[in-house]
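Examining the three-dimensional arrangement
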Amino acid sequence: AQSVTQPDIHITVSEGASLELRCNYSYGATPYLFWYVQSPGQGLQLLLKYFSGDTLVQGIKGFEAEFKRSQSSFNLRKPSVHWSDAAEYFCAVGARGGGSQGNLIFGKGTKLSVKP
Amino acid sequence: DAGVTQSPTHLIKTRGQQVTLRCSPISGHKSVSWYQQVLGQGPQFIFQYYEKEERGRGNFPDRFSARQFPNYSSELNVNALLLGDSALYLCASSIDPGTGNQPQHFGDGTRLSIL
């Protein structure tokens, strides 16, 4: 069965420090991979996605993620965190083939706090 | 262009009542999916509709139902509400779920509270 694990429930970093949020997935083949961000009381905003090709993908707001097939991981990184990055981050997988399998399975999220 | 719009933004109901939530997709998007997000958890898939037909259903009881209209908007209905149905209900739209590689764009959700 497909699953997504985000090992860190809550992370606190200082403004200007680098960030890495971990995501591991379980899936029989290479899935489609996504990172979403959710601010309090808001919906989900797509940060970046991986479908195929280059394993390092660039997203919005200076975020990037690297797909590592051997580790079944898709970790999110940012070189310098801004106070406005404080939010909850969700990793998700989508099955190739679409149709009824084309929906997203989410991890439980990682809450990011930023210290001034 | 308008994003995914959901209404109402907040709703308070009591146990046993019925509720209808509404979603309008991004213009040009023909697929709508519904997700339930309980506090402290990631969203869980409820339904997907494409061209007015159900394309997928998550592990939710029959009290949950949905439909999609000719203009691609959608409604989610929940009957016989339970306290555990309190959650943020998210709607997402995509162009076409046919290959699974179309990113889903989410609305801000409807916050449903059951008393």
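Now for a quick tour of the structure. Small disclaimer: the values here were computed from a predicted structure and weren't measured. (Residues numbered from 1 in each chain as written. Chains lettered and ligands numbered in written order. Predicted model: local features only at pLDDT ≥ 70, side-chain atom pairs only at ≥ 80, totals over all residues. Heavy atoms only, no water.)

**Notes on the state of the cysteines**
Residues and elements named next belong to chain B. As a reminder, the rule being used: Cysteine sulfur atoms that pair up within 2.5 Å are treated as a disulfide. Secondary structure elements follow DSSP: runs of H or I of four or more residues count as helices, runs of E of two or more count as strands, with numbering from the N terminus. Type-normalised accessible area, obtained with a 1.4 Å probe on protein chains alone, sets the label of each residue: buried when under 20%, exposed when over 50%, and partly exposed for intermediate values.
All chains considered together, the criterion is met by two disulfides over all chains. For Cys23, the disulfide goes to Cys91, at an S-S distance of 1.8 Å. The chirality of the disulfide connecting Cys23 with Cys91 is left-handed, given an S-S dihedral of about -65°. Note that Cys23 is positioned in strand S3 (residues 19-24) and Cys91 in strand S9 (residues 87-94), a separation of 68 residues in sequence. Side by side, Cys23 and Cys91 carry an identical accessibility label, which is buried.

**Examining the nonpolar core**
To keep it simple, the criterion reads: For our purposes a nonpolar core is just a set of buried Ala, Val, Leu, Ile, Met, Phe, Trp, Tyr and Cys residues, chained together by side-chain atoms within 4.5 Å. For this analysis, residues touch if any pair of their heavy atoms sits within 4.5 Å.
Within the largest apolar cluster, 26 residues are counted, with the highest numbers of intra-cluster contacts made by Leu19(A), Trp35(A), Leu47(A), Leu48(A), Phe74(A), Leu76(A) and Tyr89(A). Put simply, the parts of the chain that give this core at least two residues each are strand S2 (10-14), strand S3 (19-21), strand S5 (32-38), strand S6 (44-50), strand S8 (64-68), strand S9 (73-78), strand S10 (87-94) and strand S12 (110-115) of chain A. Sort the elements by how many residues they give to this core and S10(A) lands first, with four residues. Not counting chain neighbours up to four residues away, the residues in contact with Leu48(A) comprise Leu33(A), Phe34(A), Trp35(A), Val57(A), Gln58(A), Gly59(A), Phe63(A), Glu64(A), Ala65(A), Phe74(A) and Leu76(A). The next biggest cluster of nonpolar side chains, apart from the first, holds 22 residues, and it includes Val4(B), Leu11(B), Leu76(B) and Leu81(B).

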